[in-house]
Amino acid sequence: MHQASSLNAPELLLPAGSLEKMHTAFDFGADAVYAGQPRYSLRARNNEFSTLDILQQGISGAHARGKQFFVASNIFPHNAKLKTYLNDMAPVIAMKPDALIMADPGLIMMVREKWPEVNIHLSVQANATNWADVKFWHKMGLTRVILSRELSLDEIEEIRQRCPEMELEVFVHGALCIAYSGRCLLSGYFNHRDPNQGTCTNSCRWDYKVENAQENETGDLARAGKEMPLQTIPFNYQQALEEANQSFSAMGDMQRHPLADRPYLIEETSKPGQFMPILEDEHGTYIMNSKDLRAVEHVERLARIGVDSLKVEGRTKSLYYVARTAQVYRRAIDDAVAGRPFNEQLLGELNGLANRGYTDGFYQRHHTQEHQNYMEGVSKAHRSQYVGRVLSIQDGWADVEVKNRFAVGDQIEIIHPSGNQIVALSAMTSMAHAPMQVVAGAGHTVRIPCDQRFDQALLAKML
């Protein structure tokens, strides 16, 4: 028997890129959602909440369900946006969102002066990494600080102990930026689209190739064995090499990697023939993908520390992503509060989501080999792929919007707020009732046997 726990349940905070995703997040266990207007948040890509009417529906809909709705307003604006900010935000404030998520001190000052009653949460973009920082923002009247992703569990615990008066929020799942808490310049450098203005092109996520390089007769870098000068980006190789050597010298007696001084070029697959210089040291290649954050195994520790909110990243992710992450982290929170041991199956359930490999980020500085093997083994034990969505059910047959290939005989996980169930798919027909054995993939609608209680369920094929 497990022992009852005295832990308070932290808030589960999910992204909402649309009304449908918002309600899905709530259906699967979220306590609150966050969204943003494209002009003033870090997701300038259009979404349903780009209009005041839909934003009002979102805030009112969340409140009708007893949930909270936070509006992201976390850009670092240039002067032009200051001219329009207060006028544009006035109708948003009138909708009474539960808080604004903000990063820029100037904008925070403007909101505090005009609307002192509004709750402000400090965005992770502001890079709060210590307890003095948190105390400063408390003095400025903020009600919550979203801590930097670069903190360990022990550092978070010290901040909690020193700042009992401030709500603390941390990220537990989603994409990780390769720059310090998202303060990235890659997209602005490559594509003239500033990530800190909400127009990130996710340059760190592109598919790069790495090639050896050499200096040619004119001093330019070229591919080794090729006569192609590098003209894409101005680059002083000798200066960069000297800077790298100075960096290594500062490390004292640390062993240099034998390839640390070799020049390299990277080529992004969508831009063939355009080569960009990089240096590689013993830490790896810097302009490359980061793994995605998955910290479900740390939920119990975070709850015990007293963190107030656990946040999932991904306002542009799919409906399936919202449902699966909400359900998994809800179960992890409920287990922690009830004093139940961590359910290792939760690790694997998140593997069915599109990801670039998982890491628990900076929460633990070092992992033992046993812990790494445990994490990997469990993750591979429960693998699945999103294959469809139930549109409606009538007379024991569900109309399914197909997302990926599946076939009669497959083990299908039915994912539903009432609880999940794994079944062997016994039959399938076309919408014209013709028997089928396989559906090729997205773009089709088919019918499968399904209990009435699983209306609007999501379907995943066990791998």
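Residues numbered from 1 in each chain as written. Predicted model: local features only at pLDDT ≥ 70, side-chain atom pairs only at ≥ 80, totals over all residues. Heavy atoms only, no water.

## Some words on the confidence of the model for the protein
With 70% of its residues at a pLDDT of 70 or more, the protein shows a mean pLDDT of 82. Ignoring residues within four places in sequence, the model shows residues 279-286, a span with pLDDT below 50, making 21 contacts including any to other chains. (pLDDT = per-residue confidence, 0-100. Contact = heavy atoms within 4.5 Å.)

## A closer look at the side chain of Gln327
As for its position among the elements, Gln327 is in helix α10 (residues 319-338). The exposure class assigned to Gln327 is buried, which follows from its relative accessible area of 7%. Beyond its immediate stretch of four places on either side in the chain, Gln327 contacts Phe28, Ile415, His416 and Asn420. (Helix = DSSP H or I, 4+ residues; strand = E, 2+ residues; numbered from the N terminus. Buried < 20%, exposed > 50% of the residue type's maximum accessible area, 1.4 Å probe, protein only.)

## Regarding the nonpolar core
Counting 91 residues, the largest nonpolar core has Phe69 and Leu147 as its most contacted members. Sorting elements by how many residues they give to this core places α10 first, with 10 residues. Excluding residues that lie within four positions of it along the chain, Phe69 makes contacts with Met22, Val33, Ala35, Phe49, Leu55, Gly58, Ile59, Ala62, Pro97, Asp98 and Ala99. Listed in part, the 18 residues of the second largest apolar core include Val390, Val439, Cys450 and Phe454. (Core = buried A, V, L, I, M, F, W, Y, C linked by side-chain atoms within 4.5 Å.)

## Remarks on the pattern of salt bridges
Side chains that differ in sign of charge can pair as their charged atoms come close. What the rule picks out here adds up to 22 salt bridges. Here the salt bridges share partners, and the residues they tie into one network are Glu11, Arg144, Glu167, Glu169 and Lys311. (Salt bridge = Lys/Arg side-chain N within 4 Å of Asp/Glu carboxyl O.)

## Quick look at the packing of aromatic side chains
The final tally for this structure, using the stated rule, is four aromatic pairs. Between the aromatic rings of Phe49 and Phe69, the centroid separation amounts to 5.5 Å while the plane-to-plane angle is 70 degrees, which identifies the pairing as edge-to-face. Here Phe49 is found in the loop between β2 (32-36) and α2 (52-64), whereas its partner Phe69 is found in strand β3 (residues 68-72), with 20 residues between them in sequence. Judged by its relative accessible area of 0%, Phe49 is buried. Residue class for Phe69 comes out buried when judged on its relative accessible area of 0%. (Phe/Tyr/Trp six-rings, centres within 6.5 Å; stacked < 30°, edge-to-face > 60°.)

## Quick notes on helix α3 (residues 79-94)
Helical geometry note: an α-helix holds 3.6 residues per turn, so side chains three or four residues apart project in the same direction. Taking the largest bend as the criterion, α3 deviates by roughly 45 degrees, centred on Tyr85. Among the residues of α3, those classed as buried are Lys81, Tyr85, Met89, Val92 and Ile93. Of the surrounding secondary structure, the elements contacted by the buried residues of α3 are α2, β3, β4 (99-102) and α4 (105-114). One or two residues past the end of α3 sits Lys96, with phi positive at roughly 60 degrees. (Bend = angle between axes of the 7 residues up to and from the residue.)

## Digging into the packing of helix α1 (residues 19-27) against α10
To describe two helices that pack against each other, one gives the angle between their axes and the distance between the axes. Direction vectors running N to C along α1 and α10 enclose 20 degrees, while the axes themselves pass 8 Å from each other. As far as their axial angle goes, α10 and α1 are roughly parallel. In this structure, the crossing between α1 and α10 has a hand that is right-handed. Mapping the contact onto sequence places Glu20, Lys21, Thr24 and Ala25 in α1 and Leu319, Val322, Ala323 and Ala326 in α10. Grouping the constituent residues of the contact of α1 with α10 by class yields five nonpolar, one polar and two charged. (Axes fitted to C-alpha atoms, helices over the stretch in contact; angles between N-to-C directions. Parallel < 35°, antiparallel > 145°, perpendicular 65-115°, else oblique. Left-handed = near helix turned anticlockwise from the far one by under 90°. Nonpolar A, V, L, I, M, F, W, Y, C, P; charged D, E, K, R; others polar.)

## Let's talk about the pairing of β3
When a strand is regular, its side chains alternate between the sheet's two faces. Among the five residues of β3, four are classified as buried, and the element is accordingly described as predominantly covered. Note that β2 and β3 share five bridges and pair parallel. Residue Gly36 lies in a different strand from β3, and its bridge partner there is Ala72. Relative to β4, β3 is paired through three bridges, and the arrangement is parallel. Paired with Ala72 across the strands is Ile101, a residue of β4. (Pairing = 2+ DSSP bridges.)

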